[in-house]
Amino acid sequence: MNEYEREPVPEKALLGFKSFLGMYAGEHCAGTELMIGPLFVAAGVSAFSVLGGLLLGNILAVLSWLLLTAPIAVKMRLTLYYQLEKICGRKLVTLYNLANGSMFCFLAGAMVTVSATAIGVWINFPMPGLDDLLPNSFSWCLAVLIIGGAIAIIAAAGYQTVARFANLAAPWMVLVFIIFGLVAFHDLAVVCNFKYEGLDSLWNFANTELWKGGNPLPGQVKFTFWHVTFYAWFCNIAMNVGMADLTVFRFAKKPIYAVATFGGVFLGHFIAWLSASLLYSYQLKLNPADTAILPGPLAYRVCGVTGLICVIVAGWTTANPTIYRAGLAFQAVMPKFSRFKVTFATGMIAAVAGMFPAFAMKLLDFVAIYGMVLMPMGAVIFADFYLLKKLGLKSFYAESAGLSFYWAAAAAWLLTILACYLLVALGVMQIFFVSLPGWFIAVIIYLLLSKLMQKKEVLS
Amino acid sequence: MKKIYVRYISAAIAWISLVLMLFFSLEYFNSSVSAEVLKTRLFMSTVIYFIAAAGAEILKTPSIDNK
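Residues numbered from 1 in each chain as written. Chains lettered and ligands numbered in written order. Predicted model: local features only at pLDDT ≥ 70, side-chain atom pairs only at ≥ 80, totals over all residues. Heavy atoms only, no water.

**Topic: the packing of helix H15 (residues 363-386) of chain A against helix H17 (residues 407-425) of chain A**
All names here are of chain A.
Working step 1: Direction vectors running N to C along H15 and H17 enclose 140°, while the axes themselves pass 9 Å from each other. Relative to H17, the element H15 is oriented oblique. As for how H15 packs across H17, the hand of that crossing is right-handed. Along the contact surface, H15 presents Met372, Val373, Met375, Pro376, Met377 and Val380, while H17 presents Ala409, Ala412, Trp413, Thr416, Ile417 and Cys420. (Axes fitted to C-alpha atoms, helices over the stretch in contact; angles between N-to-C directions. Helix = DSSP H or I, 4+ residues; strand = E, 2+ residues; numbered from the N terminus. Parallel < 35°, antiparallel > 145°, perpendicular 65-115°, else oblique. Left-handed = near helix turned anticlockwise from the far one by under 90°. Contact = heavy atoms within 4.5 Å.)

**Concerning a nonpolar patch on the surface**
Working step 1: Side chains of A:Trp122, A:Ile123, A:Tyr300, A:Val305, B:Phe43, B:Met44, B:Val47 and B:Ile51 sit close together on the surface and give an oily, nonpolar patch of about 740 Å² of accessible area.
Working step 2: Of all the elements in the fold, those that place two or more residues in the nonpolar patch are helix H12 (295-333) of chain A together with helix H2 (35-60) of chain B.
Working step 3: Top element by residues in the nonpolar patch is H2(B). It accounts for 4 residues.
Working step 4: Assignment of secondary structure puts B:Ile51 in helix H2. (Patch = residues over 30% accessible without salt bridge, like charges linked within 9 Å, V, L, I, M, F, W, Y side chains within 5 Å. Areas by Shrake-Rupley, 256 points an atom, 1.4 Å probe, with all protein chains shown as cover. Salt bridge = Lys/Arg side-chain N within 4 Å of Asp/Glu carboxyl O.)

**Here's the deal with the environment of A:Ala169**
Working step 1: Among the structural elements, A:Ala169 can be located in helix H7 (residues 159-191).
Working step 2: Under the relative-accessibility criterion, A:Ala169 is labelled buried at 0%.
Working step 3: Considered as a pair, A:Ala169 and A:Ala314 are 145 residues apart in the sequence and their alpha carbons are 8.8 Å apart.
Working step 4: Excluding anything up to four places from it in sequence, A:Ala169 contacts A:Val313 and B:Phe50. (Buried < 20%, exposed > 50% of the residue type's maximum accessible area, 1.4 Å probe, protein only.)

**A few points about the packing of aromatic side chains**
Working step 1: Applying the stated criterion across every chain, the model contains 44 aromatic pairs over all chains.
Working step 2: A network of ring pairs unites the aromatic residues A:Phe17, A:Phe20, A:Tyr24, A:Trp65, A:Phe249 and A:Tyr257 as a single cluster. (Phe/Tyr/Trp six-rings, centres within 6.5 Å; stacked < 30°, edge-to-face > 60°.)

**Focus: unusual backbone geometry**
Residue and element names in this part refer to chain A.
Working step 1: A positive phi angle, near 70°, is found at Met243, a position not held by glycine.
Working step 2: Phi at Phe396 takes a positive value of approximately 50°, unusual for a residue other than glycine.
Working step 3: Mapped onto the secondary structure, Phe396 falls in the loop between H15 and helix H16 (397-401).

**Focus on the interface of chain A and chain B**
Working step 1: Each side of the interface is counted separately: chain A has 22 residues, and chain B has 20 residues.
Working step 2: Taking both partners together, chain A and chain B bury about 1900 Å²; carbon and sulfur atoms supply 74% of that area.
Working step 3: Here chain A and chain B share 0 salt bridges between them.
Working step 4: Here chain A is connected to chain B by 7 residue pairs in polar contact (both at pLDDT 80 or more).
Working step 5: Of all elements in the fold, only H7 and H12 of chain A reach the threshold of two or more residues within the side of chain A that touches chain B.
Working step 6: The greatest single-element share of the side of chain A that touches chain B, amounting to 14 residues, is contributed by H7(A).
Working step 7: Split into classes, the residues belonging to the side of chain A that touches chain B amount to 16 nonpolar, 3 polar and 3 charged. (Buried area = accessible area lost by both parts, 1.4 Å probe. Polar contact = N/O pair within 3.5 Å; in protein donor to acceptor, adjacent residues only side chain to side chain. Nonpolar A, V, L, I, M, F, W, Y, C, P; charged D, E, K, R; others polar.)

Here you go:
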């Protein structure tokens, strides 16, 4: 199949709206959703914060795809990497690939952790608690390595088969996520003797039993309305603001097709997160001392074996493409090694990362860091596409000047990460918000340095 | 029976099993059945879904159509 990796997608290869709707609906119901919902509860969200914040944040995420990513994708019809190569040069793209691959690798590690918690239900071994950052038992490590190893082999040898299985499982998985919410809500209502007597009683129940607000659990950051909003907006910042989905939307006939992301984020980042949070609220109601966020036992409690299958399938089917993508990113750095070897090695790194509960238990922080690291390149692409010509400068400068490493883009990327780090380290703002000023910092640095570095002979 | 009809029937069974899963959950939501009954029904529906959906998917494969 021609993927048009180094040429604009031709008219004949464009896809319809439904293709995007299906893709996003399946991709955003991942195993990690089962961690994020409970982590919100552990962070002490109130009913208004979580419902209002998710609504607003998801709308902002869809608007980011619609207004930032899709117009550039449809106009240029290039992959992220090829467009970046034209802007920054091949060597800088290689560095970006390395960062991207590493982030994907650790994200896949969190997905492996999620799947391994399901094994712990069948085979009784000590599993990590909410505060655990390091592996806490040999049997846990062994379980993660076995699951991670199996995922690595399959990702390396039969990616296409798993991708087909993932498509097949997607409608079932979305439904099971909804059922998690229904059953957990019912069970909580029974335990709390809740009787529906109008919307007021329901809202009161939500505030007192489902999402209580108040102090977070020990070791967790308190989440307010704005934390939830920014988290829902920025959890996919690498894809929308960071422009990774240029690669997807270059196949769209019109930019408006980006509204298809609405289906994905509202299924995965609204319904699935809320359902998963109810699973955890139910566990805390049964035993307030049991604060461990373990998707396997959480799902098994309400849906039995079906819940466990869902946890394994959700973790596996989403870790598979993540490992595959990370492998492709690494292979671009090491083209001499075969795709099988690189993907398998990547999968094993993810498995080792999965042994460390830090990536799953601190998933809120990790996802924010992941977005922050990759976002500046999206700002560079935005500035290159919309602003450089207006300032009398040249877009795709590396291509025009024959550069393999364009320092203006590199500095915009690395200095933005440094600035964001300092903002967080100095306590100016939390990691969950820092990507917003970071985007403007990246645009300003890129424009200023381009003005200084672009040579007249190239501009003419 | 033509392969295409088998494929359509398999796909229909898969979707019906999903509808049933939702129905069983709503029935439980109404407190009409026990949790154990729900869990068993969900599991059976899941098994049926994957068999039927896999069947429909395999029959869609061009290489099998060409045999």
